[in-house]
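Report on the structure
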Amino acid sequence: MTDLPVRTFVRTDREPVTTDGTLALVNLSAQIDGVAAPVRRAGSTAPLAVARQAALVDLLTLRGHLLGRVADYEQAAQLSEQMVWNAPDDRAALLARARTRATLHRFAEAMADLDAAGRAGAAQATLDAERAAILQAVGCHAEAHLLLRSATPHQSGFTMLSALAVLRAERGETTEAEHAFDEARAAHRGVSPFPLAQLDFRRGVMWLREGDLPAARSWFDTALRRVPGYAPATGHLAEVDLLLGDPETSAARLRPLVETSDDPEYAAHLALALRAVGRHQEAQPWRDRAAARYEELVTRHPEAYADHAADFWLMVGGDVDRGLQLALQTLVMRQTSRSSALVRRAREASDRPVGDISRPRQPATSM
């Protein structure tokens, strides 16, 4: 694989210097192709082959997040399942499958894989960090904090401070989270733009959840300038545009994204933005595309997409009964404050006039 030239992202306010984000995305895809080829050729149970497959799983998951590609998540999940099938007692294989299961919100199964990886000799600090992320996702913040603290001596400063910042953000501790976000940025020592873009994105999510739209916009924009093409940052910037009363800009941001991402959230938001400017005929194909795709994903990955689909049906999808059904399904799978809030929204929506889609959604940040 030929190395591509390196440019840098530099801002005058002492921003960390990293590889150019567009180039980094190209390199990421080239790296995936470069790792995939020897994985296909090598024996499936050799230690080196397992390590390469685990690396490929992580690379695919990263690209799936950055570009909004559900297909990458699914490919990573399939590969990790095959890894464990071929090497059921290999800790690297079990850890890789735990991560892909957690990505698709199969949290109980992911925890079982972590237990098995522990019996196979995985490092305790690694297990603690992985378990903390899962506990955080299901709303067990106090337990997650304890595990993060126990893993601290064995993790990089950036990794641990980032995890603590996001945890505090999700607990609503914005002052403490802001301090941790600043500390994490200062602790970054690598040249990859991806960790910083992800950190800034999560900071934007915190402020969007708090209702501070200017702050949210600033951090989403920072993440997007770090990595142009970063799908979640683009999608949330479009959401902020819509909430601030600028649906034309929202639609313009989303149009390129819906052509490259197979996540239906962006098509749904485009339909919503187009409806907001009265272009209902133009919005309808995007609404229909999102509806069909959500049904596919809820069938294949209900734990990961039932809540997003519920939000869709309550908003631009226009089927409150289906939205309530999916919201209740989400609450059964995860008894969190967000799941409960989604059910309340669905029940309130059933009392609103048909066609009223004015209420903004809660930010969805699971993928």
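The structure under discussion appears in the preceding block.
Procedures and definitions
- Residues numbered from 1 in each chain as written.
- Predicted model: local features only at pLDDT ≥ 70, side-chain atom pairs only at ≥ 80, totals over all residues.
- Heavy atoms only, no water.
- Helix = DSSP H or I, 4+ residues; strand = E, 2+ residues; numbered from the N terminus.
- Buried < 20%, exposed > 50% of the residue type's maximum accessible area, 1.4 Å probe, protein only.
- Contact = heavy atoms within 4.5 Å.
- Areas by Shrake-Rupley, 256 points an atom, 1.4 Å probe, with all protein chains shown as cover.
- Core = buried A, V, L, I, M, F, W, Y, C linked by side-chain atoms within 4.5 Å.
- Axes fitted to C-alpha atoms, helices over the stretch in contact; angles between N-to-C directions.
- Parallel < 35°, antiparallel > 145°, perpendicular 65-115°, else oblique.
- Left-handed = near helix turned anticlockwise from the far one by under 90°.
- Expected span 1.5 Å × (residues − 1).
- Phe/Tyr/Trp six-rings, centres within 6.5 Å; stacked < 30°, edge-to-face > 60°.
- Salt bridge = Lys/Arg side-chain N within 4 Å of Asp/Glu carboxyl O.
- Nonpolar A, V, L, I, M, F, W, Y, C, P; charged D, E, K, R; others polar.

Before going further, it helps to spend a moment on the overall build of the chain. A count of helical and extended segments in the chain gives 18 helices and two strands. Looking at the chain as a whole, 51% of its 367 residues qualify as buried. Across the chain, contacts joining residues at least 24 apart in sequence account for 54% of those joining residues at least 6 apart. Carbon and sulfur atoms provide 54% of the accessible area of the chain, an area that totals close to 16,500 Å².

Among the nonpolar cores identified, the biggest contains 61 residues, and L56, M83, F181, F194, F201, F220 and Y230 are the most heavily contacted of them. Sorting elements by how many residues they give to this core places helix α10 (residues 194-210) first, with nine residues. Leaving out residues up to four positions away in the same chain, F201 has contacts with F220, A223, Y230, P232, A233 and H236. Listed in part, the 41 residues of the second largest apolar core include A77, L257, Y266 and L270.

Positive phi is not limited to glycine here, since H105 has a value of about 65°. Exposure remark for H105: the relative accessible area of 9% places this residue in the buried category.

What follows deals with the packing of helix α7 (residues 141-151) against helix α8 (residues 157-170). At a minimum axis distance of 11 Å, the contact between α7 and α8 shows a crossing angle of 165°. Taken together, the axis directions place α7 and α8 in an arrangement best described as roughly antiparallel. Seen from above, α7 lies across α8 with left-handed handedness. Judged by residue contacts, H141, A144, H145, L148, R149 and A151 of α7 engage M160, A163, L164, L167, R168 and E170 from α8.

When the terminal C-alpha atoms of helix α12 (residues 231-243) are compared, their 18 Å separation across 13 residues agrees well with the 18 Å that a helix rising 1.5 Å per residue should span. Of all 13 residues that make up α12, 11 are buried, and the element is covered over most of its length. Regarding α12, the residues found buried are A231, P232, A233, T234, G235, H236, L237, A238, E239, V240 and D241. Among the residues trailing α12, G245 stands out with phi positive, at a value near 85°.

A few words on the packing of aromatic side chains. Pairs of aromatic rings are described using the distance from one ring centre to the other and the angle between the two planes. What the rule picks out here adds up to four aromatic pairs. On the basis of an interplanar angle of 70° and a centroid distance of 4.8 Å, the ring pair of F312 and W313 is categorised as edge-to-face. Each member of the pair F312 and W313 is classed as buried. Within the aromatic cluster, the residues linked to one another by ring pairs are F201, F220 and Y230.

This brings us to the pattern of salt bridges. Per the counting criterion, the structure on display carries 30 salt bridges. A salt bridge links R101 to E81, with the nearest nitrogen and oxygen atoms 3.3 Å apart. Of this pair, R101 sits in helix α4 (residues 91-103) while E81 sits in helix α3 (residues 70-86), and the two are 20 residues apart along the sequence. Using a relative accessible area of 28% as the deciding quantity, one classes E81 as partly exposed. For the salt bridge of R322 with E295, the shortest nitrogen-to-oxygen distance reads 3.0 Å. On the criterion of sequence distance, the pair formed by R322 in helix α17 (residues 320-333) and E295 in helix α15 (residues 280-300) is long-range, its members being 27 residues apart.

Further remarks concern the packing of helix α14 (residues 264-276) against α15. Packed helices, taken two at a time, are described by their axes: the angle between them and the distance between them. Two elements in contact, α14 and α15, have axes separated by 8 Å at closest approach and are oriented at 155°. Of the possible angle classes, the one that applies to α14 and α15 is roughly antiparallel. The two elements α14 and α15 meet at a crossing, and its hand is left-handed. From α14, P264, E265, A267, A268, L270, A271, L274 and R275 reach across to α15, where they touch H280, E282, A283, Q284, W286, R287, R289, A290, R293, Y294 and L297. Residue classes in the contact of α14 with α15 are distributed as 11 nonpolar, two polar and six charged.

Another aspect to go through is the environment of L242. The topology assignment puts L242 in helix α12. Separated by 31 residues in sequence, L242 and A273 have C-alpha atoms that sit 6.7 Å apart. Setting aside residues no more than four positions away along its own chain, L242 makes contact with P247, S250, L272, A273 and A276.

In this section: the side chain of S80. Considering the arrangement of structural elements, one finds S80 in helix α3. S80 gets classed as buried once you look at its relative accessible area, which sits at 0%. With near-sequence residues (within four places) excluded, S80 lies in contact with V57, A96, R97 and T100.

This next bit is on helix α18 (residues 337-349). Given a rise of 1.5 Å per residue, 13 residues ought to cover 18 Å, and the 18 Å separating the end C-alpha atoms of α18 matches this to within 8%. Those residues of α18 that fall on the buried side of the exposure criterion are S339, A341, L342, V343, R345, A346 and A349.

Before going further, it helps to spend a moment on the environment of L62. Mapped onto the fold, L62 is located in helix α2 (residues 47-67). Non-local contacts of L62, meaning those with residues more than four positions away in its chain, are made with L28, F194 and Q198.

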